Amino acid sequence: MKKVGIIGVGEYLPERILTNSDLEKMVDTSDEWITTRTGIKKRHLAAVGQAASDLALKAAQQALENAKLKAEDLDLIVVATITGDMPFPSVASIIQDKLGAKKAACFDISAACAGFVYGLSVAEKFIATATYKNALVIGTEVLTSITDWQDRNTCVLFGDGAGAVVLSEVKKGGIISTYLGCDGSKSGILNMPAGGSRNPATSETVRNRQHYLKMQGNELFKIAVNTMTDAAETVLKQAGMTFADINLIIPHQANARIIMAVAKKLGIPQDRVYLNIERCGNMSSASTVTALCEAVQEGKIKKGDIILLDAFGAGLVWGACIIEW
Ligand code: COA
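Residues numbered from 1 in each chain as written. Predicted model: local features only at pLDDT ≥ 70, side-chain atom pairs only at ≥ 80, totals over all residues. Heavy atoms only, no water.

K.L.:
Any details on the overall build of the chain? Residues and values, ideally.
P.N.:
Per the secondary structure count, the chain includes 11 helices and 13 strands. Computed over its C-alpha atoms, the radius of gyration of the chain comes to 19 Å, within 12% of the 20 Å expected for a compact globule of 325 residues. Expressed as lengths along the three principal axes of its C-alpha atoms, the size of the chain is roughly 55 × 45 × 35 Å. A total of 325 residues make up the chain; the buried ones form 54% of that total. (Helix = DSSP H or I, 4+ residues; strand = E, 2+ residues; numbered from the N terminus. Rg over C-alpha atoms; globule rule 2.2 N^0.38 Å. Buried < 20%, exposed > 50% of the residue type's maximum accessible area, 1.4 Å probe, protein only.)

Here it is in structure tokens:
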């Protein structure tokens, strides 16, 4: 098996910003409630007409530049998203055309907030087995396109953005261990009820607001803390490591309270946890990868550092990954 590492990172956050005080004018909420319950202060919003592939393209171009590769060098494009431009074709296919990555095989992954870790794990196998040489893995979301702006329980939480990484063979370090899991029995806790084959779009589904994300937040909170803790412990055990070996945790950014509860359970100090939730909210599959990208760009990750990615989301699915940078 070949060693596989991240050789380039990129991100794109749309220009429009929605602050907590903007939300105070839209629903019965307050900056104080949102800040103390979630840690979120503002989030980025895609422009009208800007789709998941538009965000992904900019992140992908930056990642390719950072990796010093050309689009034609890519053998595989994997896009994690739950808010693709349309149900089909895949965002990966659209990106292939926009980038000019003519020889790349392309598909999307639906693993919600754990989508980037799922995508990373799948792409890694293609390179480790020498099937492909270079892969682009993207997490991109326009979550605000499925946000119910009348529902204060959910609309304060989400934002739009995209992040991308280029994976390739490395001589040293790279991905040490990945762990993926799912509990489909809890799929009803977080979903979008209509728009698929179960409830195709009708005027009634639109009237009933079934094309928006629905979430039992309180129930999810407890599961998220336990699941992310278990996933981190499992992937470390697989790698034969302990938390003392980890320089930085890059968690999925659903709620700062969830992240800090996980860090506390794991005995990890707060300064070893990377957060961008205050500025970005929850961007589902884009959260973990943009946080990783920002941590690299801010110099918080150095060569040789051991990084732990830890995510969970609708499915319910979860994934964790240890990388030597
Ligand atoms: N502003 C003001 N009040 C709000 C509010 C808002 N935006 N949203 C909910 N409330 C109210 C509720 O109506 C409730 O009022 P009540 O006690 O009168 O019924 C009260 O605040 C507490 O609600 P609760 O749901 O218990 O709050 P919470 O502390 O659990 O925080 C979440 C809510 C959604 C922030 C939190 O549960 C969470 O982050 N859950 C997990 C989310 C998640 O992981 N999502 C994605 C997975 S990837």
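K.L.:
Give me the lowdown on the environment of glutamine 50, citing residues and values where you can.
P.N.:
In this fold, glutamine 50 is placed in the loop between strand E3 (42–45) and helix H3 (52–67). Taking the C-alpha atoms as reference points, glutamine 50 and proline 14, separated by 36 residues in sequence, lie 8.9 Å from one another. Reaching out from glutamine 50, the side chain makes a polar contact with the side chain of tyrosine 12 at a distance of 3.3 Å. (Polar contact = N/O pair within 3.5 Å; in protein donor to acceptor, adjacent residues only side chain to side chain.)

K.L.:
Give me the sheet that holds strand E5 (residues 105–109): which residues, what numbers.
P.N.:
Pairing between sheet strands relies on hydrogen bonds along the backbone, with the strands arranged either parallel or antiparallel. Pairing is mixed in the open sheet, where five strands are placed in the order E1-E7-E6-E4-E5. The two strands at the open ends of the sheet, each matched to only one other strand, are strand E1 (4–12) and E5. Each adjacent strand pair in this sheet contributes to an overall mean axis angle of 20°, direction not counted. Pairing analysis gives five bridges linking strand E4 (residues 76–80) to E5, with the strands arranged parallel. Pairing of valine 78 across the sheet is with phenylalanine 107, part of E5. (Pairing = 2+ DSSP bridges. Axes fitted to C-alpha atoms, helices over the stretch in contact; angles between N-to-C directions.)

K.L.:
Give me the sheet that holds strand E13 (residues 317–324): which residues, what numbers.
P.N.:
Across the sheet, four strands lie side by side as E8-E13-E12-E11; this open sheet has mixed pairing. The open sheet has two free edges, formed respectively by strand E8 (174–182) and strand E11 (248–251), since each of these has just one partner strand. In this sheet, neighbouring strand axes are inclined to one another by 15° on average, regardless of whether the strands run parallel or antiparallel. The strands touched by helix H5 (residues 115–128) within the sheet are E8, strand E12 (306–313) and E13, with E8 carrying the most contacts at an inclination of about 125°. Against the sheet, helix H8 (residues 217–239) touches E8, E11, E12 and E13, its axis set at about 140° to E8. (Contact = heavy atoms within 4.5 Å.)

K.L.:
How would you sum up the site of the ligand? Please name residues and give values.
P.N.:
In the vicinity of the ligand there are 23 residues, among which Thr29, Arg37, Gly217, Asn218 and Asn255 approach most closely. Within the contact set of the ligand, a nitrogen atom lies 3.4 Å away from a side-chain nitrogen or oxygen of tryptophan 33. One of the side-chain nitrogen or oxygen atoms of asparagine 255 is found 2.7 Å away from an oxygen atom of the ligand. In the complex, the protein chains occlude 75% of the 960 Å² of accessible area that the ligand would expose alone. With four residues, H8 is the single largest residue contributor to the shell around the ligand. Taken domain by domain, the shell around the ligand gets at least three of its residues from each of domain 1 (4–172) and domain 2 (176–324). (Near = heavy atom within 4 Å. Areas by Shrake-Rupley, 256 points an atom, 1.4 Å probe, with all protein chains shown as cover. Domains from an automatic or database assignment.)

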